[in-house]
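Notes for the structure review
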Amino acid sequence: MKIMQNILNSIKPHFEEGGKLHTLYPAYDAFETFLFVPNHTTQSGTHIKDSVDLKRTMVIVIIALLPCLFFGMWNTGYQYHSQLTSDMEGYQSIYSIFDHFLFGFWKVLPLIIVSYVVGLSVEFAFAVQRKHQVNEGYLVTGMLIPLTMPVDVPLWMLALSVIFAVVIGKEVFGGTGMNILNPALTARAFIFFAYPTKMSGDKVWVHGADKIDAITGETALGQLATLTNVDPSNSEIINNYSLFSSDGIYSLYNSFIGTIPGSIGETSVIAILIGAFILVFTGVGSFRIMVSMFFGGLSMAYIFNIVGLENNLFMSLPAIHQLFIGSFLFGMVFMATDPVSAAQTNTGKIIYGFLCGVLSILIRVFNPAYPEGVMVAILFMNVMAPLIDHYVVEANIKKRLKRIKINE
Amino acid sequence: MDLVNIFIKGVFIDNMIFAYFLGMCSYLAVSKTVTTANGLGLAVIFVLGITVPVNYILENQVLKAGALQWLGEDFVNVDLNVLSLIMFIAVVSAMVQLVEMIIEKFSPALYSSLGIFLPLIAVNCAILGGALFMQERQYSTIIEATSFALGSGVGWYLAIVAIAAIREKIRYSNVPAPLRGLGITYIITGLMGIAFMCFMGIKI
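Residues numbered from 1 in each chain as written. Chains lettered and ligands numbered in written order. Predicted model: local features only at pLDDT ≥ 70, side-chain atom pairs only at ≥ 80, totals over all residues. Heavy atoms only, no water.

1. Side note on the overall build of chain A
Note the following rule: Secondary structure is summarised from DSSP: a helix means a run of H or I of at least four residues, a strand means a run of E of at least two, and numbering begins at the N terminus for each. Each residue is placed in one exposure class: buried if its accessible area under a 1.4 Å probe, protein chains only, is under 20% of its type's maximum, exposed if it is over 50%, and partly exposed if it falls in between. Note on contacts: a residue pair qualifies if any of its non-hydrogen atoms lie within 4.5 Å across the two residues. Only the protein chains shown count as cover for residues, and all accessible areas are computed by the Shrake-Rupley method using a 1.4 Å probe.
On a plain count of helices and strands, chain A comes out with 18 helices and 0 strands. Across the 408 residues in chain A, those meeting the buried criterion constitute 53%. For chain A, restricting intrachain contacts to residue pairs at least 6 apart in sequence, the fraction spanning at least 24 positions comes to 70%. Of the accessible surface of chain A, which amounts to about 19000 Å², a share of 65% is contributed by carbon and sulfur atoms.

2. Some words on the packing of helix α7 (residues 155-170) of chain A against helix α8 (residues 183-194) of chain A
To describe two helices that pack against each other, one gives the angle between their axes and the distance between the axes. Residue and element names in this part refer to chain A. Put simply, the rule is: The axes are straight lines fitted to the C-alpha atoms, using for helices just the contacting stretch, and the angles between their N-to-C directions are given from 0 to 180°. Our angle categories are set so that under 35 degrees counts as roughly parallel, over 145 as roughly antiparallel, 65 to 115 as roughly perpendicular, and the remainder as oblique. Note: crossing handedness is left-handed where the near helix turns anticlockwise from the far helix by less than a right angle, and right-handed where it turns clockwise. Under the grouping applied here, Gly and all other residues not named as nonpolar or charged are polar, the nonpolar ones being Ala, Val, Leu, Ile, Met, Phe, Trp, Tyr, Cys and Pro and the charged ones Asp, Glu, Lys and Arg.
Orientation of α7 relative to α8, taken along the N-to-C sense of each, is 130 degrees, at an axis distance of 8 Å. If you check the angle between α7 and α8, you find them oblique. The crossing of α7 and α8 is right-handed. Taking contact as the criterion, the partners of Met157, Leu158, Leu160, Ser161, Phe164, Ala165 and Lys170 in α7 are, on α8, Pro183, Thr186, Ala187, Phe190 and Ile191. Class assignment for the residues of the contact of α7 with α8 results in 9 nonpolar, 2 polar and 1 charged.

3. Structural notes on the domain arrangement of chain A
Residues and elements named next belong to chain A. Threshold: Where a domain begins and ends is set by an automatic assignment or by a domain database. The quantity reported as buried area is the accessible area (1.4 Å probe) lost by two parts once they are put together, taken as the sum for both. In what follows, salt bridge is the name for a side-chain nitrogen of Lys or Arg lying within 4 Å of a carboxyl oxygen of Asp or Glu. Throughout this description, a polar contact denotes any pair of N or O atoms lying within 3.5 Å of each other; where both atoms belong to protein, one of them has to be capable of donating a hydrogen while the other can accept it, and for residues adjacent in sequence the pair is counted only when both atoms sit in side chains.
Along its sequence, chain A is organised into domain 1 (2-38 + 54-198) and domain 2 (220-260 + 286-407). Using only C-alpha atoms to locate each centre, domain 1 and domain 2 end up separated by 27 Å. On the domain 2 side, the residues contacting the 25 residues of domain 1 number 17 residues. Between domain 1 and domain 2 lies a buried interface of about 1700 Å² when both sides are counted; carbon and sulfur atoms form 77% of it. The largest per-residue losses of area from domain 1 upon contact with domain 2 belong to Leu181, Asn182 and Leu185, which jointly make up 28% of the total buried on that side. Summed over the shared surface of domain 1 and domain 2, the result is 0 salt bridges. For the interface between domain 1 and domain 2, the tally reads 5 residue pairs in polar contact (both at pLDDT 80 or more). Looking at the side of domain 1 that touches domain 2, the elements with two or more residues in it are α3 (54-84), α6 (137-147) and α8. Grouping the constituent residues of the side of domain 1 that touches domain 2 by class yields 17 nonpolar, 7 polar and 1 charged.

4. Focus: the interface of chain B and chain A
On the chain A side, the residues contacting the 32 residues of chain B number 32 residues. Between chain B and chain A lies a buried interface of about 2700 Å² when both sides are counted; carbon and sulfur atoms form 75% of it. It is Lys169(B), Leu191(B) and Cys198(B) that lose the most area in chain B upon contact with chain A, and together they represent 21% of the buried surface on that side. Along the contact surface separating chain B from chain A lie 0 salt bridges.

5. Some details on the packing of aromatic side chains
In plain terms, the rule: Within 6.5 Å between ring centres, the rings of Phe, Tyr and Trp (the latter by its six-membered ring) count as paired, and their orientation is classed by plane angle as stacked under 30 degrees, edge-to-face over 60, tilted in between. The rule for a charge over a ring is simple: NZ of Lys or CZ of Arg within 6 Å of the ring centre, and within 35 degrees of the ring normal.
As enumerated under the stated definition, the model contains 21 aromatic pairs over all chains in all. Note on Phe330(A) and Phe334(A): the rings are 5.2 Å apart at their centroids and 50 degrees apart in plane angle, and the pair reads as tilted. Residue Phe330(A) and its partner Phe334(A) are located together in helix α16 (residues 328-335), separated by 4 residues, close to a single helical turn. Owing to a relative accessible area of 6%, Phe334(A) belongs among the buried residues under this scheme. Through a chain of ring-to-ring contacts, the aromatic side chains of Phe380(A), Phe12(B), Phe18(B), Tyr27(B) and Phe196(B) assemble into a single cluster. Over the ring of Phe103(A) we find Lys107(A); its NZ or CZ atom is 5.5 Å from the centre of that ring.

6. A few points about unusual backbone geometry
All names here are of chain B. Located in the positive-phi region is Phe21, a residue other than glycine, with phi close to 55 degrees. Assignment of secondary structure puts Phe21 in the loop between α1 (2-13) and α2 (24-29). Given the relative accessible area of 54%, Phe21 is considered exposed. Here the phi dihedral of Gln138 falls at roughly 55 degrees; this positive angle occurs in a residue that is not glycine. Residue placement: Gln138 occurs in the loop between α7 (125-137) and α8 (142-169). Using a relative accessible area of 59% as the deciding quantity, one classes Gln138 as exposed.

7. Quick notes on the pattern of salt bridges
Enumeration according to the criterion identifies 2 salt bridges over all chains in this entry. The salt bridge involving Glu123(A) is made with Lys170(A); its shortest N-O contact spans 2.9 Å. Taken together, the residues span a long stretch of sequence, with Glu123(A) in helix α5 (residues 97-130) and Lys170(A) in helix α7 at a distance of 47 residues. By the burial criterion, Glu123(A) is buried, and Lys170(A) matches it. A salt bridge links Arg137(B) to Asp14(B); its shortest N-O distance comes to 3.8 Å. Of this pair, Arg137(B) sits in helix α7 while Asp14(B) sits in the loop between α1 and α2, placing them 123 residues apart in sequence. For Arg137(B), a relative accessible area of 25% translates into the label partly exposed. With relative accessibility at 16%, the residue Asp14(B) sits in the buried group.

8. Concerning the nonpolar core
Applicable threshold: Throughout, nonpolar core names a set of buried Ala, Val, Leu, Ile, Met, Phe, Trp, Tyr and Cys residues whose side chains join them through atoms within 4.5 Å.
Core analysis: the biggest nonpolar cluster contains 174 residues, and Phe334(A), Tyr352(A) and Tyr27(B) have the highest contact counts within it. Counting residues domain by domain, this core receives three or more from each of domain 1 (2-38 + 54-198) and domain 2 (220-260 + 286-407) of chain A. The residues touching Tyr352(A), leaving out its near neighbours within four places in the chain, are Ile289(A), Ala336(A), Ala342(A), Ala343(A), Ile378(A), Met381(A), Asn382(A), Ala385(A) and Ile388(A).

9. Section: the environment of Gly222(A)
All names here are of chain A. Examined against the element boundaries, Gly222 turns out to sit in helix α10 (residues 220-225). Here Gly222 falls in the buried class, since its relative accessible area comes to 14%. Considered as a pair, Gly222 and Ile3 are 219 residues apart in the sequence and their alpha carbons are 53 Å apart.

10. Observations concerning the state of the cysteines
Residue and element names in this part refer to chain B. Heads up, the condition is: Counting rule for disulfides: a pair of cysteine sulfur atoms within 2.5 Å.
Considering all chains together, one arrives at 0 disulfides over all chains under this definition. Summary of cysteine pairing: Cys25 is not part of a disulfide, and the nearest cysteine sulfur, belonging to Cys125, is at 4.5 Å. Exposure remark for Cys25: the relative accessible area of 48% places this residue in the partly exposed category.

11. A closer look at the environment of Pro261(A)
Along the polypeptide, Pro261(A) turns up in the loop between α12 (252-257) and α13 (269-282). Separated by 51 residues in sequence, Pro261(A) and Asn312(A) have C-alpha atoms that sit 23 Å apart.

12. A word on the confidence of the model for chain B
Residue and element names in this part refer to chain B. The cut-off we apply is this: pLDDT gives the predictor's per-residue confidence on a scale running from 0 to 100.
For chain B, the mean per-residue pLDDT works out to 85, and 99% of the residues sit at or above 70. Element-level mean pLDDT values for chain B span from 76 in helix α5 (residues 108-114) up to 92 in α8. Both scores are given for the predicted complex: the pTM is 0.87, the ipTM 0.86.

Have a look at this one:
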């Protein structure tokens with residue numbers, strides 16, 4: 001570390017005012033502040049002294065994401081190996097838990113590298129061009145984007161969606177903290193609408209599924225989407241629905257542990273709950289949004305259970321099971337709580353979260369085109385969040401005015 | 001239930017702004033603050049709710065092929081569909097004038113708060129679009145047509161107040177100079193379009 005600091009200090013004059021490479025100062029500054037605590041002091045005004053700055057906040061989110069990441073790597077290997085050798089006893093003796101993890105590690109690592117390299121290059125280019133500091137906001141976005149992707153997504157598509165999200169989703173608004181939509185979700189929505197064949201269907205969610213016939217990686221939601229508008233007495237349908245009973249592959253237990261096909265980071269409820277605990281405990285993520293979104297989804301799923309149309313088995317899936325499959329919890333903990341694009345007021349956060357939950361389940365069940373409704377539901381609520389805030393603030397102003405009148 | 005479906009469809013799925021890009025001019029011009037956007041949005045709901053039923057009556061009693069049957073047997077073969085565009089525009093502007101006068105007479109407060117927006121609505125393509133969609137989709141009763149009109153109006157209202165709130169929020173954002181104003185508004189509209197795509201394809 002000492003050597004690094006010496007190197008940085010020795011090249012510093014080149015980047016400062018009057019130096020040859022002054023135009024690249026934001027890039028130098030980003031490296032320096034990322035590696036070391038900067039010795040800048042504020043020059044004017046009174047400031048709150050606190051060691052938690054933007055960078056530390058972002059690093060906490062990264063730590064909260066690590067359980068999901070590691071589990072996702074393990075699950076990538078597990079899904080591939082267990083499907084390749086259909087004999088359950090056999091594969092357990094051939095592959096150990098480390099084999100699963102290593103296999104997944106080498107599949108997931110390129111996605112993360114591409115996401116960070118491409119995203120940070122765009123950020124650096126904008127910072128140099130616009131002469132502002134490189135913000136740390138991309139650290140989280142760059143981790144979230146690969147976690148929401150299927151493992152086999154082509155790297156150039158990933159790069160393209162990252163560029164779209166960083167440029168159109170964030171930089172045109174002025175960078176970190178000024179965007180209106182969550183950049184990670186913007187990237188996912190872009191790739192989802194631009195290249196639907198790589199983002200949906202039953203051949204993308206497990207590595208190698210598009211080449212090897214033995215592997216089918218239908219997600220739980222994809223399977224459920226085939227159960228709307230059907231004849232419930234048909235034996236094939238009953239067979240498919242039994243995948244969700246306690247000994248099927250999409251059972252409540254399996255979806256809680258996370259051993260089901262899906263995007264890299266979304267499958268395990270346990271890993272997500274660990275992340276949620278870290279976020280709430282450190283105060284980085286808003287528990288108001290998480291709790292209200294959870295209850296929004298739960299109540300909508302209960303309503304569907306009660307309505308329960310005969311020919312729509314999707315509706316009759318138990319409410320809690322409904323929330324455990326797909327990326328509902330992942331979106332709830334890491335996407336909806338994004339402090340920039342979510343509602344800012346406390347009352348607004350509750351309304352925002354609740355509507356996120358309701359809409360997610362609603363789109364899931366009613367829209368056959370998108371079995372995964374969470375992504376678009378949160379994007380939609382991102383759009384509506386400023387409006388919610390506006391009316392919450394207005395209502396508060398009215399309430400206060402009334403209080404003044406009464407006191408007079 | 002059918003009426004509710006038509007209404008919901010008008011609000012979200014066939015949204016005037018994000019599915020058909022109608023009424024963009026006033027949507028972009030009058031969305032700087034939520035208060036004015038709110039006023040214009042309400043006026044659009046109001047005018048759509050009046051002109052579409054009136055045009056529906058006109059369409060079914062006068063313009064459609066064979067609609068003039070009530071005048072006598074000689075008129076069975078008359079088809080005045082060629083005139084529908086002109087007639088709809090005439091009805092829209094006449095209705096807007098009428099509504100303006102009525103509001104000015106009976107509720108001066110509302111009139112002054114709507115201000116210039118009321119006459120502006122006469123040239124809002126969402127209004128004429130509403131009438132033409134009503135003709136194209138052939139709603140079976142006047143109540144269905146009204147429900148469609150109110151749904152489209154509410155959808156337009158939702159779009160304009162949402163973008164107005166966003167524009168208020170990004171007022172202090174460090175947007176690159178060439179994009180300030182309309183440029184960034186177009187980009188926001190595009191991003192909102194992506195968000196509204198969650199409703200495309202829903203079948204009710």
